[in-house]
Amino acid sequence: MDLGYSGQPHPHWQNLLAWLNTHGMDTSPEAMPVQALASPSAGYGLFARRCIDPAAPLFSTPPSALLNVATLSPFYPEARQSLTAMQLLSLHLFLYRPLGSRESTDPTFGPYISTLPREFDSHPLTWLCSGREDNPGSAFLSSLPPSVLYSLRKLVDRFNTDWRTVQRYIQDHDFAHPISEVIGAVEKSLRSYLPACREDFLWAWLNVNTRCLYYRLERSQSDKNNVTLCPILDFANHTTSSHHMSPQAANADRAAAPPRTDPREFTVLSPSDTTTKPGDEVYLTYGAHSNKTLFVEYGFVNEISNEILLRGDVHGESDVDDSIGCLFKARGKLGTWLQEVLTREGYWGDWTLHLQPLPAHPSYRLITALRLYHLFPASAEEVPLDADRALLPWKATLLGRADRISQENEEAWKDTLLQICSKLAEDATTAIASLDAVSANREIAWFSWMKKNIRMLWEEELFVTRMVAQSILGGEEF
Ligand SMILES: C[S@@+](CC[C@H](N)C(=O)[O-])C[C@H]1O[C@@H](n2cnc3c(N)ncnc32)[C@H](O)[C@@H]1O
(Lines give C-alpha, C1' and ligand atoms only; values in the text may rest on other atoms or scores of the structure.)
Protein backbone atom coordinates (compact mmCIF):
# COMPACT_ATOMS: atom_id res chain seq x y z
CA MET A 1 0.00 0.00 0.00
CA ASP A 2 1.31 3.42 -0.89
CA LEU A 3 -0.18 5.72 1.79
CA GLY A 4 -2.76 5.98 4.53
CA TYR A 5 -4.05 3.28 6.87
CA SER A 6 -1.73 0.32 7.44
CA GLY A 7 -3.28 -2.41 9.60
CA GLN A 8 -1.82 -5.90 9.87
CA PRO A 9 -2.27 -7.89 6.65
CA HIS A 10 -4.47 -10.98 6.93
CA PRO A 11 -2.15 -13.95 7.61
CA HIS A 12 -3.73 -16.10 4.84
CA TRP A 13 -4.14 -13.35 2.23
CA GLN A 14 -1.12 -14.29 0.09
CA ASN A 15 -2.16 -17.98 0.04
CA LEU A 16 -5.65 -16.93 -0.99
CA LEU A 17 -4.26 -14.88 -3.90
CA ALA A 18 -2.01 -17.75 -5.00
CA TRP A 19 -5.00 -20.14 -4.97
CA LEU A 20 -7.22 -17.70 -6.88
CA ASN A 21 -4.42 -17.42 -9.40
CA THR A 22 -4.64 -21.18 -10.01
CA HIS A 23 -8.32 -20.55 -10.90
CA GLY A 24 -7.22 -18.13 -13.63
CA MET A 25 -7.55 -14.84 -11.72
CA ASP A 26 -4.87 -12.19 -12.20
CA THR A 27 -3.86 -11.44 -8.61
CA SER A 28 -0.63 -9.59 -9.38
CA PRO A 29 -0.11 -6.32 -7.41
CA GLU A 30 -0.88 -4.36 -10.61
CA ALA A 31 -4.24 -6.13 -11.03
CA MET A 32 -5.35 -6.22 -7.38
CA PRO A 33 -6.22 -2.73 -6.04
CA VAL A 34 -7.42 -3.91 -2.60
CA GLN A 35 -6.11 -6.04 0.24
CA ALA A 36 -7.41 -7.50 3.51
CA LEU A 37 -6.01 -5.75 6.57
CA ALA A 38 -6.96 -5.78 10.25
CA SER A 39 -9.65 -3.15 10.73
CA PRO A 40 -9.77 -1.05 13.90
CA SER A 41 -13.19 -2.30 15.02
CA ALA A 42 -14.46 -5.02 12.68
CA GLY A 43 -11.97 -7.90 12.50
CA TYR A 44 -10.52 -7.63 8.99
CA GLY A 45 -11.68 -5.39 6.15
CA LEU A 46 -10.81 -4.52 2.54
CA PHE A 47 -8.54 -1.52 2.00
CA ALA A 48 -7.47 0.31 -1.16
CA ARG A 49 -3.83 -0.19 -2.13
CA ARG A 50 -3.86 2.81 -4.47
CA CYS A 51 -6.10 5.50 -5.87
CA ILE A 52 -9.21 3.97 -7.48
CA ASP A 53 -11.53 5.72 -9.94
CA PRO A 54 -15.29 5.78 -9.32
CA ALA A 55 -17.24 2.72 -10.59
CA ALA A 56 -14.04 0.95 -11.70
CA PRO A 57 -13.94 -2.86 -11.79
CA LEU A 58 -12.00 -3.85 -8.65
CA PHE A 59 -11.66 -7.61 -9.12
CA SER A 60 -13.52 -10.53 -10.69
CA THR A 61 -13.65 -13.79 -8.76
CA PRO A 62 -13.75 -16.83 -11.07
CA PRO A 63 -16.91 -18.98 -10.78
CA SER A 64 -14.90 -22.06 -9.82
CA ALA A 65 -13.61 -20.24 -6.70
CA LEU A 66 -17.11 -19.39 -5.43
CA LEU A 67 -18.80 -21.66 -2.87
CA ASN A 68 -22.43 -22.23 -3.80
CA VAL A 69 -24.84 -24.99 -4.81
CA ALA A 70 -23.29 -25.11 -8.29
CA THR A 71 -19.72 -25.69 -7.11
CA LEU A 72 -20.48 -27.88 -4.07
CA SER A 73 -23.30 -30.14 -5.33
CA PRO A 74 -20.93 -32.37 -7.33
CA PHE A 75 -19.32 -33.49 -4.05
CA TYR A 76 -22.57 -34.28 -2.22
CA PRO A 77 -25.06 -36.98 -3.35
CA GLU A 78 -28.61 -35.69 -3.87
CA ALA A 79 -27.50 -32.34 -2.48
CA ARG A 80 -29.96 -30.23 -4.44
CA GLN A 81 -32.93 -32.40 -3.42
CA SER A 82 -31.93 -32.78 0.24
CA LEU A 83 -30.30 -29.55 1.37
CA THR A 84 -30.79 -25.80 1.05
CA ALA A 85 -27.78 -23.71 -0.01
CA MET A 86 -27.41 -22.56 3.59
CA GLN A 87 -27.27 -26.18 4.79
CA LEU A 88 -24.95 -27.38 2.02
CA LEU A 89 -22.45 -24.55 2.46
CA SER A 90 -22.51 -24.94 6.24
CA LEU A 91 -21.98 -28.70 5.91
CA HIS A 92 -18.93 -28.15 3.72
CA LEU A 93 -17.33 -25.61 6.07
CA PHE A 94 -18.22 -27.85 9.04
CA LEU A 95 -16.32 -30.79 7.50
CA TYR A 96 -13.26 -28.67 6.76
CA ARG A 97 -13.09 -26.33 9.78
CA PRO A 98 -9.39 -25.48 10.27
CA LEU A 99 -7.86 -26.69 13.52
CA GLY A 100 -6.57 -23.81 15.65
CA SER A 101 -4.55 -21.47 13.47
CA ARG A 102 -3.74 -24.19 10.90
CA GLU A 103 -4.80 -24.31 7.23
CA SER A 104 -8.07 -26.01 6.28
CA THR A 105 -7.46 -29.49 4.86
CA ASP A 106 -10.09 -29.09 2.12
CA PRO A 107 -8.31 -30.08 -1.13
CA THR A 108 -10.75 -27.95 -3.16
CA PHE A 109 -11.46 -24.73 -1.23
CA GLY A 110 -8.92 -24.96 1.63
CA PRO A 111 -7.04 -21.68 0.97
CA TYR A 112 -10.36 -19.80 1.01
CA ILE A 113 -11.73 -21.57 4.13
CA SER A 114 -8.45 -20.72 5.89
CA THR A 115 -9.23 -17.00 5.55
CA LEU A 116 -12.51 -17.26 7.50
CA PRO A 117 -12.76 -15.97 11.09
CA ARG A 118 -11.64 -18.74 13.46
CA GLU A 119 -14.23 -18.11 16.16
CA PHE A 120 -17.50 -16.26 16.80
CA ASP A 121 -17.32 -15.73 20.56
CA SER A 122 -18.66 -12.19 20.26
CA HIS A 123 -21.68 -13.23 18.14
CA PRO A 124 -24.91 -13.33 20.18
CA LEU A 125 -25.98 -16.62 18.59
CA THR A 126 -22.90 -18.21 20.18
CA TRP A 127 -24.04 -16.99 23.62
CA LEU A 128 -27.34 -18.82 23.22
CA CYS A 129 -26.23 -21.89 21.26
CA SER A 130 -22.75 -22.77 22.30
CA GLY A 131 -22.58 -25.56 24.85
CA ARG A 132 -19.70 -23.69 26.53
CA GLU A 133 -20.79 -22.26 29.86
CA ASP A 134 -17.66 -20.13 30.10
CA ASN A 135 -18.62 -17.97 27.10
CA PRO A 136 -18.20 -14.41 28.40
CA GLY A 137 -21.03 -13.12 26.20
CA SER A 138 -23.66 -15.17 28.09
CA ALA A 139 -23.61 -12.38 30.71
CA PHE A 140 -25.12 -10.05 28.08
CA LEU A 141 -28.17 -12.19 27.36
CA SER A 142 -30.16 -10.78 30.26
CA SER A 143 -29.25 -7.22 29.15
CA LEU A 144 -30.77 -7.44 25.67
CA PRO A 145 -34.03 -5.68 24.70
CA PRO A 146 -36.82 -8.34 24.73
CA SER A 147 -37.48 -7.84 21.01
CA VAL A 148 -33.81 -8.60 20.26
CA LEU A 149 -33.83 -11.70 22.43
CA TYR A 150 -37.02 -12.83 20.68
CA SER A 151 -35.38 -12.49 17.24
CA LEU A 152 -32.28 -14.23 18.51
CA ARG A 153 -34.41 -17.19 19.64
CA LYS A 154 -35.91 -17.37 16.15
CA LEU A 155 -32.36 -17.48 14.75
CA VAL A 156 -31.59 -20.36 17.12
CA ASP A 157 -34.61 -22.20 15.68
CA ARG A 158 -33.28 -21.71 12.15
CA PHE A 159 -29.86 -22.93 13.22
CA ASN A 160 -31.29 -26.01 14.99
CA THR A 161 -33.43 -26.93 11.99
CA ASP A 162 -30.38 -26.77 9.70
CA TRP A 163 -28.26 -28.77 12.14
CA ARG A 164 -30.91 -31.54 12.39
CA THR A 165 -31.28 -31.69 8.59
CA VAL A 166 -27.53 -31.87 8.02
CA GLN A 167 -27.07 -34.63 10.61
CA ARG A 168 -29.84 -36.68 8.99
CA TYR A 169 -28.30 -36.06 5.56
CA ILE A 170 -24.88 -37.27 6.73
CA GLN A 171 -26.39 -40.42 8.25
CA ASP A 172 -28.52 -41.23 5.18
CA HIS A 173 -25.87 -40.91 2.45
CA ASP A 174 -22.66 -42.54 1.24
CA PHE A 175 -19.94 -40.18 0.12
CA ALA A 176 -17.21 -40.49 -2.49
CA HIS A 177 -13.67 -39.08 -2.44
CA PRO A 178 -12.69 -36.49 -1.17
CA ILE A 179 -15.61 -36.14 1.29
CA SER A 180 -15.30 -39.83 2.25
CA GLU A 181 -11.87 -38.99 3.76
CA VAL A 182 -13.36 -36.74 6.46
CA ILE A 183 -16.94 -37.93 6.91
CA GLY A 184 -16.08 -41.13 8.85
CA ALA A 185 -14.63 -39.28 11.83
CA VAL A 186 -17.59 -36.90 11.85
CA GLU A 187 -20.10 -39.79 11.81
CA LYS A 188 -18.30 -41.37 14.75
CA SER A 189 -18.43 -38.10 16.73
CA LEU A 190 -22.12 -37.68 15.89
CA ARG A 191 -22.87 -41.20 17.15
CA SER A 192 -21.10 -40.32 20.43
CA TYR A 193 -23.08 -37.03 20.65
CA LEU A 194 -19.84 -35.06 21.00
CA PRO A 195 -20.74 -31.40 21.73
CA ALA A 196 -17.76 -30.32 19.64
CA CYS A 197 -19.72 -31.34 16.53
CA ARG A 198 -22.49 -28.83 17.19
CA GLU A 199 -19.87 -26.19 18.03
CA ASP A 200 -18.14 -26.82 14.69
CA PHE A 201 -21.43 -26.63 12.84
CA LEU A 202 -22.28 -23.38 14.63
CA TRP A 203 -18.95 -21.94 13.48
CA ALA A 204 -19.68 -23.03 9.90
CA TRP A 205 -23.29 -21.79 9.95
CA LEU A 206 -22.30 -18.38 11.30
CA ASN A 207 -19.69 -18.00 8.60
CA VAL A 208 -22.29 -18.70 5.95
CA ASN A 209 -24.96 -16.52 7.55
CA THR A 210 -22.68 -13.50 7.97
CA ARG A 211 -20.86 -13.78 4.60
CA CYS A 212 -23.29 -15.03 1.93
CA LEU A 213 -24.16 -12.76 -0.98
CA TYR A 214 -26.90 -12.81 -3.57
CA TYR A 215 -25.80 -14.64 -6.74
CA ARG A 216 -28.32 -15.75 -9.34
CA LEU A 217 -28.14 -19.48 -9.95
CA GLU A 218 -31.75 -20.61 -10.09
CA ARG A 219 -34.65 -19.95 -12.45
CA SER A 220 -36.58 -17.86 -9.93
CA GLN A 221 -34.92 -14.60 -8.86
CA SER A 222 -36.20 -15.09 -5.32
CA ASP A 223 -35.01 -18.69 -4.93
CA LYS A 224 -33.22 -18.90 -1.59
CA ASN A 225 -30.45 -20.93 -3.19
CA ASN A 226 -29.34 -17.85 -5.15
CA VAL A 227 -26.46 -17.22 -2.75
CA THR A 228 -22.72 -17.65 -2.76
CA LEU A 229 -19.64 -17.23 -0.63
CA CYS A 230 -17.18 -15.07 -2.54
CA PRO A 231 -13.48 -14.94 -1.62
CA ILE A 232 -12.03 -11.41 -1.23
CA LEU A 233 -15.41 -9.65 -1.34
CA ASP A 234 -16.44 -11.34 1.89
CA PHE A 235 -13.79 -9.32 3.71
CA ALA A 236 -15.89 -6.23 3.06
CA ASN A 237 -17.47 -4.64 6.11
CA HIS A 238 -20.86 -2.91 6.13
CA THR A 239 -21.53 0.81 5.77
CA THR A 240 -24.70 2.91 5.67
CA SER A 241 -22.90 5.56 3.63
CA SER A 242 -23.56 5.90 -0.11
CA HIS A 243 -19.84 5.31 -0.80
CA HIS A 244 -19.76 1.56 -1.17
CA MET A 245 -18.74 -1.13 -3.62
CA SER A 246 -21.39 -2.94 -5.66
CA PRO A 247 -21.35 -6.43 -7.09
CA GLN A 248 -21.77 -6.01 -10.84
CA ALA A 249 -23.50 -9.38 -11.04
CA ALA A 250 -26.30 -8.10 -8.82
CA ASN A 251 -27.38 -5.57 -11.47
CA ALA A 252 -27.38 -8.16 -14.22
CA ASP A 253 -29.23 -10.65 -12.02
CA ARG A 254 -32.11 -8.30 -11.40
CA ALA A 255 -32.88 -8.23 -15.11
CA ALA A 256 -35.79 -10.46 -16.07
CA ALA A 257 -33.44 -12.54 -18.21
CA PRO A 258 -33.72 -16.30 -18.33
CA PRO A 259 -31.30 -18.03 -15.94
CA ARG A 260 -27.87 -18.45 -17.45
CA THR A 261 -26.41 -21.88 -17.69
CA ASP A 262 -22.80 -20.77 -18.11
CA PRO A 263 -21.07 -19.90 -14.83
CA ARG A 264 -19.86 -16.33 -14.63
CA GLU A 265 -17.34 -14.30 -12.69
CA PHE A 266 -18.38 -12.29 -9.65
CA THR A 267 -17.24 -8.78 -10.57
CA VAL A 268 -17.14 -5.99 -8.02
CA LEU A 269 -17.15 -2.26 -8.81
CA SER A 270 -15.57 0.48 -6.70
CA PRO A 271 -17.81 3.14 -5.05
CA SER A 272 -19.52 4.96 -7.91
CA ASP A 273 -19.71 8.45 -6.44
CA THR A 274 -16.20 9.05 -5.18
CA THR A 275 -12.53 8.45 -5.87
CA THR A 276 -11.16 5.96 -3.36
CA LYS A 277 -7.86 7.05 -1.86
CA PRO A 278 -4.98 4.75 -0.91
CA GLY A 279 -5.60 3.33 2.56
CA ASP A 280 -9.36 3.95 2.48
CA GLU A 281 -11.50 1.06 3.64
CA VAL A 282 -13.87 -0.08 0.90
CA TYR A 283 -17.24 -1.18 2.21
CA LEU A 284 -20.34 -2.98 1.05
CA THR A 285 -23.86 -2.26 2.20
CA TYR A 286 -25.52 -5.37 3.58
CA GLY A 287 -28.98 -3.85 3.06
CA ALA A 288 -31.27 -1.38 4.82
CA HIS A 289 -31.34 -3.52 7.95
CA SER A 290 -32.50 -2.28 11.35
CA ASN A 291 -29.92 -2.36 14.11
CA LYS A 292 -31.85 -5.24 15.66
CA THR A 293 -31.36 -7.32 12.50
CA LEU A 294 -27.69 -6.35 12.15
CA PHE A 295 -27.09 -7.32 15.77
CA VAL A 296 -28.92 -10.65 15.63
CA GLU A 297 -27.69 -11.79 12.21
CA TYR A 298 -24.24 -10.18 12.00
CA GLY A 299 -23.27 -9.43 15.60
CA PHE A 300 -22.77 -5.64 15.36
CA VAL A 301 -24.85 -2.46 15.06
CA ASN A 302 -24.62 0.77 13.08
CA GLU A 303 -23.15 3.47 15.24
CA ILE A 304 -26.01 5.75 16.39
CA SER A 305 -26.57 8.93 18.34
CA ASN A 306 -29.69 11.10 18.51
CA GLU A 307 -28.12 13.38 15.86
CA ILE A 308 -27.36 10.46 13.51
CA LEU A 309 -30.93 9.19 13.91
CA LEU A 310 -32.48 12.61 13.36
CA ARG A 311 -30.38 13.15 10.22
CA GLY A 312 -31.68 9.80 8.95
CA ASP A 313 -28.17 8.39 8.36
CA VAL A 314 -29.45 5.34 10.26
CA HIS A 315 -33.18 4.60 10.26
CA GLY A 316 -34.26 4.45 13.91
CA GLU A 317 -36.68 1.62 14.54
CA SER A 318 -38.25 -0.06 17.55
CA ASP A 319 -40.03 -3.41 17.52
CA VAL A 320 -43.14 -3.60 19.73
CA ASP A 321 -44.31 -7.17 18.98
CA ASP A 322 -43.85 -8.20 22.57
CA SER A 323 -45.94 -5.39 24.10
CA ILE A 324 -48.75 -5.59 21.51
CA GLY A 325 -48.84 -9.41 21.63
CA CYS A 326 -49.40 -9.18 25.40
CA LEU A 327 -52.35 -6.80 24.93
CA PHE A 328 -54.20 -9.29 22.74
CA LYS A 329 -53.31 -12.25 24.97
CA ALA A 330 -54.83 -10.47 27.98
CA ARG A 331 -58.27 -10.32 26.30
CA GLY A 332 -59.28 -13.98 26.65
CA LYS A 333 -61.33 -15.58 23.88
CA LEU A 334 -61.82 -12.24 22.15
CA GLY A 335 -58.03 -11.73 22.03
CA THR A 336 -57.51 -15.19 20.51
CA TRP A 337 -60.11 -14.49 17.84
CA LEU A 338 -58.63 -11.06 17.08
CA GLN A 339 -55.24 -12.74 16.67
CA GLU A 340 -56.80 -15.18 14.17
CA VAL A 341 -58.37 -12.28 12.26
CA LEU A 342 -55.06 -10.41 12.07
CA THR A 343 -53.21 -13.56 11.05
CA ARG A 344 -55.77 -14.31 8.34
CA GLU A 345 -55.50 -10.76 6.97
CA GLY A 346 -51.67 -10.79 7.18
CA TYR A 347 -51.33 -8.21 9.97
CA TRP A 348 -50.25 -10.31 12.96
CA GLY A 349 -46.79 -9.36 14.24
CA ASP A 350 -43.92 -7.34 12.77
CA TRP A 351 -45.26 -4.20 14.46
CA THR A 352 -42.75 -1.37 14.55
CA LEU A 353 -42.19 2.29 15.40
CA HIS A 354 -40.13 4.39 12.99
CA LEU A 355 -38.27 7.63 13.29
CA GLN A 356 -37.89 8.27 9.55
CA PRO A 357 -39.36 9.78 7.55
CA LEU A 358 -40.21 12.34 10.23
CA PRO A 359 -42.53 12.78 12.06
CA ALA A 360 -41.77 9.64 14.07
CA HIS A 361 -44.67 7.23 13.54
CA PRO A 362 -46.08 3.76 14.09
CA SER A 363 -46.05 1.38 11.11
CA TYR A 364 -49.28 0.90 9.17
CA ARG A 365 -49.34 -2.72 10.39
CA LEU A 366 -49.29 -1.52 13.98
CA ILE A 367 -52.03 1.08 13.46
CA THR A 368 -54.15 -1.60 11.78
CA ALA A 369 -53.71 -4.01 14.70
CA LEU A 370 -54.45 -1.34 17.30
CA ARG A 371 -57.57 -0.17 15.45
CA LEU A 372 -58.88 -3.73 15.57
CA TYR A 373 -57.95 -4.05 19.23
CA HIS A 374 -60.13 -1.02 20.02
CA LEU A 375 -63.01 -2.00 17.73
CA PHE A 376 -64.63 -3.59 20.81
CA PRO A 377 -65.10 -2.04 24.26
CA ALA A 378 -62.15 -2.50 26.64
CA SER A 379 -64.28 -4.69 28.93
CA ALA A 380 -65.30 -7.15 26.14
CA GLU A 381 -63.72 -10.62 26.33
CA GLU A 382 -66.14 -12.70 24.26
CA VAL A 383 -66.31 -13.05 20.47
CA PRO A 384 -69.34 -11.06 19.19
CA LEU A 385 -72.28 -13.12 17.93
CA ASP A 386 -72.30 -11.61 14.46
CA ALA A 387 -68.51 -11.61 14.19
CA ASP A 388 -68.16 -10.93 10.46
CA ARG A 389 -70.54 -8.00 10.59
CA ALA A 390 -68.72 -6.55 13.60
CA LEU A 391 -65.51 -6.46 11.60
CA LEU A 392 -66.92 -4.42 8.72
CA PRO A 393 -65.81 -0.92 9.93
CA TRP A 394 -62.26 -2.21 10.41
CA LYS A 395 -62.26 -3.97 7.03
CA ALA A 396 -63.38 -0.71 5.41
CA THR A 397 -60.10 0.90 6.56
CA LEU A 398 -58.12 -2.04 5.13
CA LEU A 399 -59.84 -1.71 1.76
CA GLY A 400 -59.30 2.05 1.66
CA ARG A 401 -63.05 2.75 1.84
CA ALA A 402 -62.59 4.68 5.11
CA ASP A 403 -59.49 6.30 6.57
CA ARG A 404 -60.53 5.56 10.17
CA ILE A 405 -63.08 3.60 12.14
CA SER A 406 -64.21 6.57 14.25
CA GLN A 407 -62.75 9.50 16.14
CA GLU A 408 -63.09 7.54 19.42
CA ASN A 409 -61.25 4.58 17.93
CA GLU A 410 -58.40 6.85 16.77
CA GLU A 411 -58.09 8.41 20.21
CA ALA A 412 -58.22 5.02 21.94
CA TRP A 413 -55.44 3.38 19.91
CA LYS A 414 -53.21 6.46 20.18
CA ASP A 415 -53.74 6.44 23.93
CA THR A 416 -52.76 2.76 24.15
CA LEU A 417 -49.68 3.43 22.04
CA LEU A 418 -48.71 6.33 24.29
CA GLN A 419 -48.84 4.01 27.31
CA ILE A 420 -46.72 1.42 25.50
CA CYS A 421 -44.15 4.07 24.49
CA SER A 422 -43.97 5.32 28.04
CA LYS A 423 -43.42 1.79 29.44
CA LEU A 424 -40.77 0.99 26.80
CA ALA A 425 -38.93 4.26 27.47
CA GLU A 426 -38.97 3.49 31.19
CA ASP A 427 -37.62 -0.04 30.59
CA ALA A 428 -34.90 1.32 28.29
CA THR A 429 -33.79 3.90 30.86
CA THR A 430 -33.54 1.22 33.57
CA ALA A 431 -31.70 -1.17 31.22
CA ILE A 432 -29.14 1.49 30.22
CA ALA A 433 -28.44 2.22 33.89
CA SER A 434 -27.90 -1.48 34.71
CA LEU A 435 -25.73 -1.94 31.63
CA ASP A 436 -23.55 0.97 32.69
CA ALA A 437 -23.08 -0.78 36.03
CA VAL A 438 -21.64 -3.95 34.34
CA SER A 439 -17.90 -3.71 34.82
CA ALA A 440 -15.64 -4.39 31.85
CA ASN A 441 -14.14 -7.84 31.47
CA ARG A 442 -10.58 -6.74 30.76
CA GLU A 443 -9.50 -10.16 29.49
CA ILE A 444 -11.98 -10.09 26.62
CA ALA A 445 -11.00 -7.68 23.85
CA TRP A 446 -14.54 -7.29 22.49
CA PHE A 447 -16.39 -6.93 25.83
CA SER A 448 -16.55 -3.10 26.00
CA TRP A 449 -17.33 -2.86 22.27
CA MET A 450 -20.25 -5.27 22.71
CA LYS A 451 -21.49 -3.42 25.78
CA LYS A 452 -21.58 -0.28 23.64
CA ASN A 453 -23.50 -2.11 20.89
CA ILE A 454 -26.16 -3.23 23.37
CA ARG A 455 -26.33 0.24 24.89
CA MET A 456 -27.00 1.64 21.39
CA LEU A 457 -29.83 -0.88 20.87
CA TRP A 458 -31.51 0.45 24.03
CA GLU A 459 -30.75 4.09 23.19
CA GLU A 460 -32.39 3.67 19.81
CA GLU A 461 -35.45 2.16 21.49
CA LEU A 462 -35.56 5.01 24.01
CA PHE A 463 -35.22 7.75 21.39
CA VAL A 464 -37.69 6.26 18.91
CA THR A 465 -40.39 5.58 21.53
CA ARG A 466 -40.00 9.11 22.95
CA MET A 467 -40.24 10.66 19.49
CA VAL A 468 -43.34 8.63 18.57
CA ALA A 469 -44.95 9.69 21.87
CA GLN A 470 -44.08 13.30 21.00
CA SER A 471 -45.72 12.91 17.57
CA ILE A 472 -48.93 11.59 19.14
CA LEU A 473 -49.01 14.32 21.76
CA GLY A 474 -48.29 16.91 19.07
CA GLY A 475 -51.41 15.78 17.17
CA GLU A 476 -49.60 14.34 14.14
CA GLU A 477 -51.78 12.35 11.73
CA PHE A 478 -50.30 9.06 10.56
C1 LIG B 1 -18.71 -10.35 5.55
S2 LIG B 1 -17.87 -10.29 7.05
C3 LIG B 1 -16.78 -8.96 6.84
C4 LIG B 1 -15.33 -9.34 7.14
C5 LIG B 1 -15.04 -9.55 8.59
N6 LIG B 1 -14.87 -8.26 9.26
C7 LIG B 1 -13.79 -10.41 8.81
O8 LIG B 1 -12.98 -10.06 9.68
O9 LIG B 1 -13.64 -11.41 8.15
C10 LIG B 1 -19.16 -9.72 8.11
C11 LIG B 1 -18.78 -9.56 9.55
O12 LIG B 1 -17.87 -8.47 9.71
C13 LIG B 1 -18.18 -7.71 10.87
N14 LIG B 1 -18.64 -6.37 10.43
C15 LIG B 1 -19.05 -6.00 9.21
N16 LIG B 1 -19.33 -4.69 9.14
C17 LIG B 1 -19.09 -4.20 10.37
C18 LIG B 1 -19.21 -2.89 10.95
N19 LIG B 1 -19.60 -1.84 10.23
N20 LIG B 1 -18.88 -2.75 12.25
C21 LIG B 1 -18.47 -3.80 12.99
N22 LIG B 1 -18.35 -5.07 12.51
C23 LIG B 1 -18.65 -5.27 11.21
C24 LIG B 1 -19.30 -8.45 11.59
O25 LIG B 1 -18.70 -9.34 12.48
C26 LIG B 1 -19.95 -9.24 10.46
O27 LIG B 1 -20.62 -10.39 10.90
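Residues numbered from 1 in each chain as written. Predicted model: local features only at pLDDT ≥ 70, side-chain atom pairs only at ≥ 80, totals over all residues. Heavy atoms only, no water.

1. Some thoughts on unusual backbone geometry
Part 1: With omega at 5 degrees, the peptide bond leading from His177 into Pro178 counts as cis.
Part 2: Among the secondary structure elements, Pro178 is positioned in the loop between helix H7 (146–172) and helix H8 (180–191).
Part 3: Backbone geometry at Glu78 places phi at a positive 50 degrees, although glycine is not the residue there.
Part 4: Relative to the helices and strands, Glu78 is located in the loop between helix H2 (69–72) and helix H3 (79–82).
Part 5: Exposure remark for Glu78: the relative accessible area of 46% places this residue in the partly exposed category. (Helix = DSSP H or I, 4+ residues; strand = E, 2+ residues; numbered from the N terminus. Buried < 20%, exposed > 50% of the residue type's maximum accessible area, 1.4 Å probe, protein only.)

2. Observations concerning the pattern of salt bridges
Part 1: What the rule picks out here adds up to 16 salt bridges.
Part 2: Across the pair Arg404 and Glu477 runs a salt bridge, and its minimum N-O distance is 3.4 Å. Highlighted residues: Arg404 in the loop between helix H17 (392–398) and helix H18 (407–437) and Glu477 in the segment after helix H19 (447–473), separated in sequence by 73 residues.
Part 3: Judged by relative accessible area, Glu477 falls into the exposed class, the value being 53%.
Part 4: Each member of the salt-bridge network shares a partner with another, and the members are Arg404, Lys414 and Glu477. (Salt bridge = Lys/Arg side-chain N within 4 Å of Asp/Glu carboxyl O.)

3. A few points about the domain arrangement of the protein chain
Part 1: Per the domain assignment, the segments making up the protein chain are domain 1 (65–298) and domain 2 (317–473).
Part 2: Look at where the C-alpha atoms of domain 1 and domain 2 centre, and you get two points 33 Å apart.
Part 3: Taken together, the contact between domain 1 and domain 2 spans 16 residues of the former and 17 residues of the latter.
Part 4: Between domain 1 and domain 2 lies a buried interface of about 1500 Å² when both sides are counted; carbon and sulfur atoms form 75% of it.
Part 5: Per-residue buried area on domain 1 facing domain 2 is highest for Pro136, Phe140 and Pro145; these three make up 33% of the total on that side.
Part 6: For the pair domain 1 and domain 2, the number of links is one salt bridge.
Part 7: Among the salt bridges present, the one from Lys292 reaches Asp319, with a minimum N-O distance of 2.4 Å.
Part 8: Applying the counting criterion to the domain 1 and domain 2 interface returns three residue pairs in polar contact (both at pLDDT 80 or more).
Part 9: Put simply, the parts of the chain that give the side of domain 1 that touches domain 2 at least two residues each are H7 and helix H11 (291–298).
Part 10: Of the residues in the side of domain 1 that touches domain 2, the class split is eight nonpolar, six polar and two charged. (Domains from an automatic or database assignment. Contact = heavy atoms within 4.5 Å. Buried area = accessible area lost by both parts, 1.4 Å probe. Polar contact = N/O pair within 3.5 Å; in protein donor to acceptor, adjacent residues only side chain to side chain. Nonpolar A, V, L, I, M, F, W, Y, C, P; charged D, E, K, R; others polar.)

4. A look at the site of the ligand
Part 1: Residues in contact with the ligand amount to 15 residues; listed here are only the nearest, Ala42, Tyr44, Asn237, His238 and Tyr298.
Part 2: The contact in question runs from a nitrogen atom of the ligand to an N or O atom on the backbone of Ala42, over 2.6 Å.
Part 3: The separation between an oxygen atom of the ligand and a polar main-chain atom of Tyr298 is 2.8 Å.
Part 4: Computed on the free molecule, the ligand has an accessible area of 570 Å², of which 84% lies beneath the protein chains in the complex.
Part 5: Partitioned by chemical class, the residues of the shell around the ligand number eight nonpolar, five polar and two charged. (Near = heavy atom within 4 Å. Areas by Shrake-Rupley, 256 points an atom, 1.4 Å probe, with all protein chains shown as cover.)

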